[in-house]
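# Inside the fold
As a plain string of letters, each chain reads:
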Amino acid sequence: MLALAAAVVSGVAVYVNGEAVGRFSSPTVYTTGKNLVAGIVLVAVALAWPRRSSTSTVSTGHRSSQERFGLAAVAVIGGAVPFVLFFEGLARATSSDAAFLHKTLVVWVALLAVSLLGERLTMLHVGAVALLIIGQIALADGLGSLRPGVGEAMVLAATLCWAVELIVVKRLVDTVPPTTVGAARIGGGAVLLITWLAITGRVADLMSLSTTQWAWLALTGSILSVFVTLWFAAVARAQVTDVAAVLVPGAVITGLIRLAAGGTVAPIQIVGWVLMITAVAALVARQSAVGVGRRSIEAAA
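Residues numbered from 1 in each chain as written. Predicted model: local features only at pLDDT ≥ 70, side-chain atom pairs only at ≥ 80, totals over all residues. Heavy atoms only, no water.

Within the protein, the regular secondary structure consists of 14 helices and zero strands. Ordered by position from N to C terminus, the α and β elements of the protein give α-α-α-α-α-α-α-α-α-α-α-α-α-α. Counting only residues that meet the buried cut, the protein has 46% of its 301 residues in that class. Put simply, 89% of the contacts in the protein that link residues at least 6 apart link residues at least 24 apart. Summed over all atoms, the accessible surface of the protein reaches about 14100 Å², with 69% contributed by carbon and sulfur. (Helix = DSSP H or I, 4+ residues; strand = E, 2+ residues; numbered from the N terminus. Buried < 20%, exposed > 50% of the residue type's maximum accessible area, 1.4 Å probe, protein only. Contact = heavy atoms within 4.5 Å. Areas by Shrake-Rupley, 256 points an atom, 1.4 Å probe, with all protein chains shown as cover.)

Per the stated rule, a full pass over the model turns up six aromatic pairs. Measuring from ring centre to ring centre gives 5.0 Å for Phe 24 and Tyr 30, while their planes differ by 50°; the resulting arrangement is tilted. Summarising the burial analysis for this pair, Phe 24 and Tyr 30 share the class buried. Here the aromatic rings of Phe 83 and Trp 162 are separated by 5.4 Å at their centres, their planes lie at 80°, and the arrangement is edge-to-face. With Phe 83 in helix H4 (residues 81-90) and Trp 162 in helix H8 (residues 150-172), the pair connects residues that are 79 residues apart, well separated along the chain. Comparing Phe 83 with Trp 162 shows no difference in burial state: the two are buried. Taken together, the ring pairs connect Phe 24, Tyr 30, Phe 83, Phe 86, Phe 87 and Trp 162 into an aromatic cluster. (Phe/Tyr/Trp six-rings, centres within 6.5 Å; stacked < 30°, edge-to-face > 60°.)

Moving on: helix H1 (residues 2-21). Look at H1: 27 Å from first C-alpha to last across 20 residues, which is about the 28 Å you get at 1.5 Å a residue. Residues Ala 3, Ala 6, Ala 7, Val 9, Ser 10, Gly 11, Ala 13, Val 16, Asn 17, Ala 20 and Val 21 constitute the buried set of H1. Against helix H2 (27-48), H4, helix H11 (211-235), helix H12 (240-247) and helix H13 (250-260) lie the buried residues of H1. (Expected span 1.5 Å × (residues − 1).)

This part takes up the side chain of Lys 170. Relative to the elements of secondary structure, Lys 170 occurs in helix H8. Of the buried charged residues, Lys 170 lacks a salt bridge, with Glu 119 as the closest side chain of opposite charge at 5.5 Å. Here the side chain of Lys 170 touches Ala 238 through a polar contact of 2.9 Å, landing on its backbone oxygen. Those residues within four positions of Lys 170 in sequence are excluded, and the remaining contacts are Leu 117, Val 235, Ala 236, Arg 237, Ala 238 and Val 240. (Lys, Arg positive; Asp, Glu negative; His and termini not counted. Salt bridge = Lys/Arg side-chain N within 4 Å of Asp/Glu carboxyl O. Polar contact = N/O pair within 3.5 Å; in protein donor to acceptor, adjacent residues only side chain to side chain.)

As structure tokens, this is what we get:
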């Protein structure tokens, strides 16, 4: 359910980001400002979050060197580098190409989760992932228009970074609260992004943004903070493959918003929506059945 909520927020975020990014001269300045706002929110949430009891496996106390390294890695490969790659790539690639490449995240996550986390995938998982990819191809109106280029390569590189990040996050949330991981990802990433702007001589561009632009950053940054909170809370409670798969139908939410805003939808895109919803419904139904079975066994015991 947390992953489904994250998918809805993601769908809204894609639409709002599409409206916002064109109002900025630099995609990197935009994503830095957005992540700065989200980082402030997430750090505040992490500091205000009630401490777990001492019997919990999740600790809020002293961090081991391995945990600190993991949090730093999440900031770099989750909250900094891929955001620059994605938004700079988005400025160079078509929106349909970028959307399709980003939605291949579930494939990379599944491959990494099986090999590095030991997650077990059933035939239902394989079928659901196949339906999600086919549905995304339908939304992109086929792959004939997919043109390999610098922008597409940047988006794909960002997607691969986020796939690796999810594996690291899954390891971390066993001992670190998801709120802390989220704060490290976006807050630490924002610091790195500001450093990058300083190195490239563009901090002044961030400081000179207008009130209207900061209002857009406040909106998109707040949405991002909600997404990360839901996303990492879901990762802490389920297989990362399932969570990544459930996120894909966020594209349906984006499409519905665009339709409500006066856009049009082709029949093939509706087919894509149906395929995505079917795949996620199957995964959610399986997880619900597993949960019911587990509770029945516990009750009998």
